[in-house]
Amino acid sequence: MNSKWTKNVSAFIIGWIVGLFIWSMIRGLGQEIHLDILGLIVSPFMYLILLISISCVVGTIFGTLQYFYEHYYTKTTSFKQFVIQSILVHILLMVGIYLISFFVVNAAGTWQKGLVEFLNRPALLENLIFSVFINIEVIIVIQINRLLGRGNLGKLITGKFFAPREEIRAFMFMDLKGSTTIAEQLGHLNYSRFIQDCFHYLSIIDDYKATIYQYVGDEVVLTWKIDDDNVLKDAIDAFYAYTSFLKAKADYFETEYGVQPIFKAGLHIGPITVVEVGNIKREIAYHGDTINVAARIQEQCKKFDKPILLSQEAMEKVKNLPYYIIEHVGEFVLRGRKKSTELYSVLPKK
């Protein structure tokens, strides 16, 4: 499994640990917990171990289910449908768990009555409702975190960037090539669906430590926090992984739209200010010349017919590129700047 699976599973495990702990506090946690369904008497410490163990197992199951569900189905599913279908799947799975539990305790001799009596226990219905509530909460938190951008929900809650802070970051502006012509050809509704499809497949960049800063029409801005020498290699790998994936979907785009999406990119690195902004709508914003330079570099891709261009500052941070060809394009004064900027292109070796 990949990092996305790990994040989903981790979120569900944490959600279940917190949820079950709260549930235990609501119901009352004494010196001994009598688990009458299993016929067990355990100490509070062993109950805590049991709670964590159950959370790990259940969190892994539901996190895995959500991972596969999002991977295969959410492209054409609204958030409302996603929540409803998740609840139904959850209920079916919980009923399956209850059935397995019945056969286990019945075979062990700790439950002598029938299946109907076992399922009619008030505790089972309470646990079912509470478990559905936990899953809904986890799903909503995951979706809000994605809406705000990876990690930004926690930063907003903790107020990490309430006061402006400086960071060194890389920014990549990716823009659809020939967007005006494509929009005229498809019409605004089909063009919006076309862009929606393109950005849906952008999830592949999650494997390369990228954070999506914002979408602007047919353009997307990606960012990386610079903490090691491999970050910008990840940025270049992310761009070519994405463009290669779009090429692999050529038949789909040709059938649906009669157009092949091609993106070009500009990459720059430098100091920026990150700060929490807004009142009615709050978000983490980046300010600084680094972003403007990255946007201007991307504009040069059309002029030199290059898929991706890097600044000198970015090039100095790129190491270990055995699968790429680096070409010095030249030194230019970008629009809106007085100082000249050296540009480099990076192409995959054939």
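Bear in mind that the values here come from a model prediction, so they are computed numbers and not experimental data.

All right, on to the packing of aromatic side chains then. Per the counting criterion, the structure on display carries 16 aromatic pairs. A ring pair is formed by Trp16 and Phe62, whose centres lie 6.1 Å apart and whose planes are at 5°; its orientation type is stacked. Of this pair, Trp16 sits in helix α1 (residues 3-27) while Phe62 sits in helix α2 (residues 44-72); the two residues are 46 residues apart in sequence, bridging distant segments of the chain. Each member of the pair Trp16 and Phe62 is classed as buried. On the numbers, 5.3 Å between centres and 50° between planes, the contact of Tyr201 with Phe245 is tilted. Within this pair, whereas Tyr201 is found in the loop between α8 (188-200) and β4 (211-216), its partner Phe245 is found in helix α9 (residues 231-248), the two being separated by 44 residues in sequence. With relative accessibility at 29%, the residue Phe245 sits in the partly exposed group. Joined through ring pairs, the aromatic side chains of Tyr191, Phe194, Tyr201, Phe245, Tyr252, Phe253 and Tyr257 make up one cluster.

As a packed pair, helix α7 (residues 179-186) and α8 sit with axes 6 Å apart at the nearest point and diverge in direction by 125°. With respect to their mutual orientation, α7 and α8 come out oblique. The handedness of the crossing between α7 and α8 is right-handed. The residues of α8 that touch α7, namely those facing Ser179, Ile182, Ala183 and Leu186, are His188, Asn190, Tyr191 and Phe194. Its residues assigned to classes, the contact of α7 with α8 comprises 5 nonpolar, 3 polar and no charged.

Here we come to the nonpolar core. Burial of nonpolar side chains together is a common tendency in soluble globular proteins. If you look at the biggest cluster of nonpolar residues, it comprises 44 residues, and the most contacted ones within it are Met172, Met174, Phe194, Trp224, Leu232, Tyr242 and Leu310. A per-element tally of this core places α9 first, with 9 residues. Not counting the four nearest positions on each side in its chain, Met174 is found in contact with Leu202, Asp218, Glu219, Val220, Leu222, Phe239, Tyr242, Phe263, Lys264 and Ala265. Counting residues in hydrophobic clusters, the runner-up holds 21 residues, among them Leu51, Val58, Phe62 and Ile139.

Before going further, it helps to spend a moment on the environment of Phe130. Counting through the fold element by element, Phe130 comes out in helix α5 (residues 122-148). Considering only alpha carbons, one finds Phe130 and Trp23, 107 residues apart in sequence, at a separation of 8.0 Å. In this view, Phe130 contacts Gly19, Leu20 and Trp23; residues no more than four positions away in its chain are not counted.

What counts and what doesn't
- Residues numbered from 1 in each chain as written.
- Predicted model: local features only at pLDDT ≥ 70, side-chain atom pairs only at ≥ 80, totals over all residues.
- Heavy atoms only, no water.
- Phe/Tyr/Trp six-rings, centres within 6.5 Å; stacked < 30°, edge-to-face > 60°.
- Helix = DSSP H or I, 4+ residues; strand = E, 2+ residues; numbered from the N terminus.
- Buried < 20%, exposed > 50% of the residue type's maximum accessible area, 1.4 Å probe, protein only.
- Axes fitted to C-alpha atoms, helices over the stretch in contact; angles between N-to-C directions.
- Parallel < 35°, antiparallel > 145°, perpendicular 65-115°, else oblique.
- Left-handed = near helix turned anticlockwise from the far one by under 90°.
- Contact = heavy atoms within 4.5 Å.
- Nonpolar A, V, L, I, M, F, W, Y, C, P; charged D, E, K, R; others polar.
- Core = buried A, V, L, I, M, F, W, Y, C linked by side-chain atoms within 4.5 Å.

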